[in-house]
Amino acid sequence: MAGTAMSARQDAQHGGSLSSASTSEGTSVRYTPGPGGRPAHSGQPLRVGRPLVVAIDGPSGSGKSSISKEVARRLRLAYLDTGAMYRAVAWDCLERGLDLADGALVEAAARALDLELSTSADAERVVVRGHDVTAAIREPRISSAVSAVATNLGVRDELIRRQRALLAAHGRRMVVEGRDITTVVARDAEVRLLLTASEEARMRRRGAQLGGTQTAEQLHEQVVARDAKDSTVASFTQAADGVFTVDSSDLDFDQTVDAVLGVVHAAVGGRPAGA
Ligand SMILES: Nc1ncnc2c1ncn2[C@@H]1O[C@H](COP(=O)(O)OP(=O)(O)OP(=O)(O)O)[C@@H](O)[C@H]1O
Ligand SMILES: Nc1ccn([C@H]2C[C@H](O)[C@@H](COP(=O)(O)O)O2)c(=O)n1
């Protein structure tokens, strides 16, 4: 392929391999598991005492939250789910009976939002005005309403400000995931990655995650239609310049974690602490 640079690395000890193809459209990473499916990267702290921001974007159901949490655990980094912040604003507005079409009112609600958010991959907790809404913000009614909040530019301005403050408060050692992290929130991250998967894989995963309670039409609305609305204000379907792409359509959960860890190692060129 003209203008394409290929490279491949194999982990001699474990056998998992990572190959990348760079074109004018970016760098795609293909992960091939080793014999016996053993991971190439167990994951250990990297760049100890120095910033390590792993920015991950991708469409709905691509695995951002679950994969990012596991990567944060392995690298012992803080974890920030920025989508939870948009969901918290949507929950607050609906709870207070605000009209989501009233942009000024919704922006004011976001600016005043009393939000407590866990930044540990092991303790998911979202509290709004003293109410624990950790489970409530995942309900389909919030998934259906949240785009109206996320496409409000005043809301985005406020949440991006809070996200950057959280990054700074954690000494910039964090995995941050969302839709505009690689392009806006943390453009200067040490590692920038787009996690993708086919529409079919993403709807199947979301269906299983919701225990088979949703019809195909509802899943389409919550995954595909939501992405279409959200992509009017953030760019998460194509990797921006310098952003790696991992396509997890044909990878299982552990292989995807391994592929992302491989990208982190490739990007910061680090050896595990103590190695
Ligand atoms: N590679 C994978 N193979 C199989 N299942 C996966 C894989 N990656 C993630 N999953 C599962 O898919 C479901 C959706 O993943 P997750 O919630 O992390 O996606 P997301 O990108 O954060 O979605 P959203 O942006 O809508 O919140 C979860 O149940 C997760 O465990
Ligand atoms: N950085 C972000 C994070 C999320 N959003 C939007 C996209 C979704 O409609 C909503 C909830 O996100 P999810 O929990 O499904 O990842 O928030 C965004 O615009 N920018």
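Cut-offs used in this document
Residues numbered from 1 in each chain as written. Chains lettered and ligands numbered in written order. Predicted model: local features only at pLDDT ≥ 70, side-chain atom pairs only at ≥ 80, totals over all residues. Heavy atoms only, no water. UniProt positions renumbered as here; feature names shortened; annotations may be inferred. Helix = DSSP H or I, 4+ residues; strand = E, 2+ residues; numbered from the N terminus. Contact = heavy atoms within 4.5 Å. Near = heavy atom within 4 Å. Polar contact = N/O pair within 3.5 Å; in protein donor to acceptor, adjacent residues only side chain to side chain. Areas by Shrake-Rupley, 256 points an atom, 1.4 Å probe, with all protein chains shown as cover. 1 Å grid on protein atoms, 1.4 Å probe; cavity = no way out; pocket = protein on both sides within 12 Å on 5 of 7 lines; lining within 4 Å. Sits in = over half its atoms within 2 Å of the grid points. Pairing = 2+ DSSP bridges. Points joined across faces, edges and corners; volume = space filled by probe spheres on them. Nonpolar A, V, L, I, M, F, W, Y, C, P; charged D, E, K, R; others polar. Phe/Tyr/Trp six-rings, centres within 6.5 Å; stacked < 30°, edge-to-face > 60°. Lys NZ or Arg CZ within 6 Å of the ring centre and 35° of its normal. Buried < 20%, exposed > 50% of the residue type's maximum accessible area, 1.4 Å probe, protein only.

As named in an unreviewed UniProt entry, the chain is Cytidylate kinase, taken from Sinomonas flava. Here the chain is described in UniProt, under the heading Sequence similarities (unreviewed entry), as follows: "Belongs to the cytidylate kinase family. Type 1 subfamily." What UniProt states about the chain under its Subcellular location (unreviewed entry) heading is, verbatim, "Cytoplasm".

Student: Can you walk me through the environment of V185 in this structure?
Tutor: By the secondary structure assignment, V185 is in helix 6 (residues 181-185). Between the alpha carbons of V185 and V224 there is a distance of 24 Å; along the sequence they are 39 residues apart. Leaving out residues up to four positions away in the same chain, V185 has contacts with I160, Q163, R164, L167 and D180.

Student: For this particular structure, what's the right way to read the site of ligand 1?
Tutor: Inspection of the region around ligand 1 gives 18 residues, with S60, K64, S65, S66 and T256 positioned closest. G63 places a main-chain nitrogen or oxygen 3.0 Å from an oxygen atom of ligand 1. Between ligand 1 and T256, the relevant distance is 2.9 Å, taken from a nitrogen atom to a side-chain nitrogen or oxygen of the residue. Within the complex, the protein chains bury 81% of what would otherwise be the 640 Å² of accessible surface of ligand 1. In this structure, ligand 1 is accommodated by the largest pocket. For the shell around ligand 1, the secondary structure elements donating two or more residues are helix 1 (64-75), helix 7 (199-209) and helix 9 (253-268). A total of 4 residues in the shell around ligand 1 trace back to one element, the largest contributor, which is helix 1.

Student: Would you explain the sheet that holds strand 7 (residues 126-128) in this entry?
Tutor: Sheet strands pair via backbone hydrogen bonds, and the direction of the pair is either parallel or antiparallel. One open sheet holds the 3 strands; their spatial order is 6-7-8, and the pairing between them is antiparallel. Two strands lie at the open edges of the sheet, namely strand 6 (115-117) and strand 8 (131-132), each paired on one side alone. Inspection of the sheet shows strand 7 paired to strand 8 by 2 bridges, in the antiparallel sense. Paired with V128 across the bridge in strand 8 is H131.

Student: Quick question: what am I supposed to make of the layout of surface pockets here?
Tutor: Think of a ball as big as a water molecule: rolled over the atoms, this probe shows where empty space is left. Counted as a void, the largest pocket has a volume near 850 Å³. In this structure, the largest pocket is lined by 39 residues; those nearest its centre are G61, K64, S65, R138 and R206. Breaking the lining of the largest pocket down by element, the ones donating at least two residues are helix 1, helix 2 (82-95), helix 4 (140-150), strand 9 (173-178), helix 7, helix 8 (216-230) and helix 9. Tallied by class, residues from the lining of the largest pocket come to 10 nonpolar, 14 polar and 15 charged.

Student: Can you help me understand the packing of aromatic side chains in this one?
Tutor: Think of a pair of aromatic rings as described by two things: how far the centres are apart, and how the planes are tilted against each other in angle. One pass over the structure, following the stated rule, counts 0 aromatic pairs. Above the plane of the ring of F236 lies R179, whose end atom (NZ or CZ) is 5.5 Å from the centre.

Student: I tried to follow the environment of Q255 on my own but got confused; where do I start?
Tutor: For Q255, the position within the fold is in helix 9. By relative accessible area, which is 18% here, Q255 ends up buried. When the C-alpha positions of Q255 and T32 are compared, they lie 8.3 Å apart, and in sequence the two are 223 residues distant.

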